[in-house]
Amino acid sequence: MAIAGGNQEEEKASLGVPAMEMRWTLNDFDIGKPLGRGKFGHVYLAREKKSNQIVALKVLFKSQLKQSQVEHQLRREVEIQCHLRHPNILRLYGYFYDQSRVYLILEYAAKGELYKELQKCKYFSERRAATYIASLARALIYCHGKHVIHRDIKPENLLISMQGEVKIADFGWSVHTFSRRKTMCGTLDYLPPEMVESIEHDAGVDIWSLGVLCYEFLYGLPPFEAKQHSDTYRRIVKVDLKFPPIPIVSSAAKDLISQMLVKDSSKRLALHKVLEHPWIVQNADPSGIYRAG
Ligand code: AK7
């Protein structure tokens, strides 16, 4: 495992590359089939030549990053995700760039994107949904413990490993609240209540998203979906939460969703309490691995 563990300089040194030449380049990889397509570029299966390690290589076009003014977001993602080590968080091993592109070296998730699985089966069994929600709660507890808030938890940002574990990917919208708090320390005196509160309650964003995700896993659609964007907005603000009669979902699952989708972020069920909720305890596979059948 040449790529896993340690930083890029160490890895390259351990591969016997001269100390002065430390960066990854495209030549270090054999490129395979495309795995996915996104707004900013494509993802390819790739193999690091010296170690034979299989990875996913995300290719981003600098011109598009510049045009959308998200370079700082990408830098933040790399800084944050490089330091996260959790079985339910997709590893970011490193990055490199050339004239026109930026490349992210990512852990390969063999079973691909979760939203495609959801499309295929319409909705998940309670066992499968609970296993994923418990794994995601553990990953988010880990992130929040490091003062990292993902802020963009949705099926498109979740991948499934060969073993069937769920992995959070794409930290492009994440923030590191600790550094924000530190930089704000001296000026706190001048902040209005909504900003002071937002610093402490930001983590509640991920609990809300987990509630939306739990609903979507069980019903196949997000809870506040509407034809018009403005209607979705209204339904979210009102927390207009309805549970359709079909598919049949247990009252324990509905209870958990109702406790996460609470308007006041400080009143949302804390993530460690999500793990203790009867629906999770009774349905989630403790290994975090969903096995079909
Ligand atoms: N089977 C993108 C655009 C703009 C970003 O895309 C940030 C990512 C992980 C990703 C998953 C890649 C492994 C796969 C698979 C697949 Br399919 N990976 N196995 N797909 N991390 S995509 N990050 N970041 C991103 C920005 C920003 F500039 F706005 F921040």
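Scroll up a little and you will see the structure.
Below is a short write-up of the structure. Bear in mind that the values here come from a model prediction, so they are computed numbers and not experimental data. (Residues numbered from 1 in each chain as written. Predicted model: local features only at pLDDT ≥ 70, side-chain atom pairs only at ≥ 80, totals over all residues. Heavy atoms only, no water.)

## Regarding the sheet that holds strand β5 (residues 101–106)
Sheet strands line up and pair through hydrogen bonds in the backbone, either parallel or antiparallel.
Right, on to step 1. Pairing is antiparallel in the open sheet, where 5 strands are placed in the order β1-β2-β3-β5-β4. Only two strands of the sheet have a single partner each, and these edge strands are β1 (29–38) and β4 (92–97). The average angle at which neighbouring strand axes cross in this sheet is 25 degrees, direction not considered.
Right, on to step 2. Bridge analysis of β4 against β5 gives 5 bridges, and the strand direction is antiparallel. When the bridges of β5 are listed, G94 appears paired with I105. (Pairing = 2+ DSSP bridges. Helix = DSSP H or I, 4+ residues; strand = E, 2+ residues; numbered from the N terminus. Axes fitted to C-alpha atoms, helices over the stretch in contact; angles between N-to-C directions.)

## Quick notes on unusual backbone geometry
Right, on to step 1. Looking along the chain, the bond that leaves I246 and enters P247 is cis, with omega of -5 degrees.
Right, on to step 2. Secondary-structure assignment places P247 in the loop between α9 (229–238) and α10 (251–260).
Right, on to step 3. At Q69, a position not held by glycine, the phi torsion is positive, near 55 degrees.
Right, on to step 4. Structurally, Q69 can be placed in the loop between α2 (62–67) and α3 (71–81).
Right, on to step 5. Overall, the relative accessible area of 60% leaves Q69 in the exposed class.
Right, on to step 6. Located in the positive-phi region is R151, a residue other than glycine, with phi close to 70 degrees.
Right, on to step 7. In this structure, R151 sits in the loop between β7 (148–149) and β8 (158–160).
Right, on to step 8. Judged by relative accessible area, R151 falls into the partly exposed class, the value being 33%. (Buried < 20%, exposed > 50% of the residue type's maximum accessible area, 1.4 Å probe, protein only.)

## Describing the site of the ligand
Right, on to step 1. Within the structure, the ligand sits among 21 residues, and K58, V70, L74, E77 and A109 are positioned closest to it.
Right, on to step 2. One nitrogen or oxygen atom from the side chain of K58 is found 3.0 Å from an oxygen atom belonging to the ligand.
Right, on to step 3. Within the backbone of A109, an N or O atom sits 2.9 Å from a nitrogen atom of the ligand.
Right, on to step 4. Burial of the ligand by the surrounding chains reaches 93%, relative to a free accessible area of 650 Å².
Right, on to step 5. Within the residue set of the shell around the ligand, elements represented by two or more residues are β3 (54–61), α3 and β5.
Right, on to step 6. Here the residues of the shell around the ligand sort into 15 nonpolar, 2 polar and 4 charged.
Right, on to step 7. Both of domain 1 (8–107) and domain 2 (112–283) provide at least three residues apiece to the shell around the ligand. (Near = heavy atom within 4 Å. Polar contact = N/O pair within 3.5 Å; in protein donor to acceptor, adjacent residues only side chain to side chain. Areas by Shrake-Rupley, 256 points an atom, 1.4 Å probe, with all protein chains shown as cover. Nonpolar A, V, L, I, M, F, W, Y, C, P; charged D, E, K, R; others polar. Domains from an automatic or database assignment.)

## Some details on the pairing of β1
Right, on to step 1. Across 7 bridges, β1 lies against strand β2 (residues 41–48) in antiparallel orientation. Note that in β2 the partner of F29 across the bridge is E48.
Right, on to step 2. Here β1 hands over to β2 after 2 residues, the two strands then running antiparallel side by side.

## Comments concerning the packing of aromatic side chains
Right, on to step 1. Applying the stated criterion to the full structure yields 11 aromatic pairs.
Right, on to step 2. Consider the rings of W24 and F29, whose centres lie 5.6 Å apart with planes at 45 degrees: the pair is tilted. Residues W24 and F29 agree in their burial class; the two are buried.
Right, on to step 3. Ring-pair connections join several aromatic residues into one group, and the members of that group are W24, F29, F96 and Y103.
Right, on to step 4. If you follow R128 out to its NZ or CZ, it ends over the ring of F124, 4.3 Å from the centre. (Phe/Tyr/Trp six-rings, centres within 6.5 Å; stacked < 30°, edge-to-face > 60°. Lys NZ or Arg CZ within 6 Å of the ring centre and 35° of its normal.)

## Describing the sheet that holds strand β6 (residues 112–113)
Right, on to step 1. Taken in spatial order, the 3 strands line up as β6-β8-β9 in an open sheet, and their pairing is antiparallel. Both outer strands of the open sheet, β6 and β9 (166–168), are each paired with one neighbouring strand and no more.
Right, on to step 2. Where β8 and β9 come together, 3 bridges link them in antiparallel fashion. Note that in β9 the partner of I160 across the bridge is V166.
Right, on to step 3. The strands that helix α5 (residues 126–145) touches are β8 and β9; relative to β9, the one it contacts most, it runs at about 35 degrees. (Contact = heavy atoms within 4.5 Å.)

## With respect to α5
Right, on to step 1. Its 20 residues give α5 an end-to-end C-alpha distance of 28 Å, which sits within 8% of 28 Å, the value for a rise of 1.5 Å per residue.
Right, on to step 2. α5 sits mainly inside the fold: 15 of its 20 residues count as buried.
Right, on to step 3. A positive phi of about 60 degrees marks H147, the residue just after α5. (Expected span 1.5 Å × (residues − 1).)

## Here's the deal with the pattern of salt bridges
Right, on to step 1. Applying the stated rule across the entire model yields 12 salt bridges.
Right, on to step 2. Where R128 meets E117, a salt bridge forms, and the shortest distance between an N and an O atom there is 2.8 Å. Taken together, the residues span a long stretch of sequence, with R128 in helix α5 and E117 in helix α4 (residues 114–121) at a distance of 11 residues. Each member of the pair R128 and E117 is classed as buried.
Right, on to step 3. Each of E117, K120 and R128 takes part in a single network of salt bridges with overlapping partners. (Salt bridge = Lys/Arg side-chain N within 4 Å of Asp/Glu carboxyl O.)

Keep in mind these numbers describe shape, not what the thing actually does.
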